[in-house]
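Residues per chain, in single letters:
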Amino acid sequence: MFIATLAGIFEFKDLPKEYGPFVQYKAGLEKKELQDNVEIAVLNIQGTESFHILFLDSYNDIKEIQDELTAADAKVNHTTLKILEGHL
C-alpha cells in the first residue's frame, strides 16, 4: 500500500501548472466542470511520480476520501488527514 501525503490545497485558478494534467484527467473521469474557486487537494503518492487529486467539494466526510484512496491502494498519512478534515 502506498502512502499519500499532501502536496497542497489550491483553488483551481491558483493551481501550479505541473498538477494540471492530473486535475484535468480526474475532472474528465468525474465529468466535473472546474470553476476558478473550487478547492483541490493534491496528494503525492510516495514511491511514485503520480498524484491523486481530490475535489474537496465532492466529499461529505473524511471516510469518503479514505475509501477512495483504499481503492487506489493508498493510505493517507495522519498529518494530511487532519489538514483535509479541516477543509471539508
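(A) Focus on helix H2 (residues 62-71). What H2 keeps buried is the set Ile62, Ile65 and Leu69. Along the axis of H2, the buried positions cluster into a sector of 60 degrees, meaning they face one direction only. Check the buried side of H2 and you find it contacts strand S1 (2-11), strand S2 (39-45), strand S3 (51-55), strand S4 (74-76) and helix H3 (78-87). One side-chain oxygen of the residue at the start of H2 lies 3.1 Å from the amide nitrogen of lysine 63, identifying that residue as aspartate 61.

(B) Region of interest: the packing of H2 against H3. Remark: H2 packs on H3, axes separated minimally by 10 Å, with the N-to-C direction vectors making an angle of 135 degrees. One way to sum up the angle between H2 and H3 is to call them oblique. Both H2 and H3 take part in a crossing whose hand is right-handed. Two secondary-structure elements touch here, H2 through Ile62, Ile65 and Gln66 and H3 through Leu81, Leu84 and Glu85. Taken together, the residues of the contact of H2 with H3 break down into four nonpolar, one polar and one charged.

(C) Focus on unusual backbone geometry. Phi at lysine 31 is positive, roughly 50 degrees, even though this residue is not glycine. For lysine 31, the position within the fold is in the loop between helix H1 (20-30) and S2. Residue class for lysine 31 comes out exposed when judged on its relative accessible area of 75%. A positive phi angle is found at aspartate 73, which is not glycine, with a value near 60 degrees. Locating aspartate 73 in the fold gives a position in the loop between H2 and S4.

(D) Representation of the side chain of threonine 5 within the structure. Note on placement: threonine 5 falls in strand S1. For threonine 5, a relative accessible area of 15% gives the class buried. Other than its neighbours up to four places away in sequence, threonine 5 contacts Val42, Leu43, Asn44, Gln46, Asn77 and Thr80.

Quick notes on the rules
Here the residue index of a chain counts from 1 through its sequence in written order. This being a predicted model, a pLDDT of at least 70 is required before a residue's local features are given, and a value of 80 or more before pairs of side-chain atoms are given or counted; all residues contribute to the totals for chains, interfaces and linings. Water and hydrogen atoms were dropped before computing side-chain values, which therefore reflect all heavy atoms in the structure. Between buried and exposed lies partly exposed: a residue is buried under 20% and exposed over 50% of the maximum accessible area for its type, with that area taken using a 1.4 Å probe on protein chains only. Runs of E in the DSSP output that reach at least two residues are strands. Runs of H or I that reach at least four are helices, and both are numbered from the N terminus. Note: the arc covers the axis-to-C-beta directions of the helix. The contact criterion used throughout is that any non-hydrogen atoms of two residues lie within 4.5 Å. Pairs of N or O atoms are called polar contacts if they sit within 3.5 Å, as long as, within protein, a hydrogen donor faces a hydrogen acceptor (for residues adjacent in sequence, only side-chain-to-side-chain pairs). Fitted lines through C-alpha atoms serve as axes, helices being fitted only where they are in contact, and the angles separating the N-to-C directions of these axes extend from 0 to 180 degrees. By the definition adopted for this analysis, an angle is roughly parallel if under 35 degrees, roughly antiparallel if over 145, roughly perpendicular if from 65 to 115, and oblique otherwise. Left-handed describes a crossing whose near helix is turned anticlockwise from the far helix through less than a right angle; right-handed describes the clockwise counterpart. Three classes are used: nonpolar for Ala, Val, Leu, Ile, Met, Phe, Trp, Tyr, Cys and Pro, charged for Asp, Glu, Lys and Arg, and polar for all others, with Gly counted as polar.

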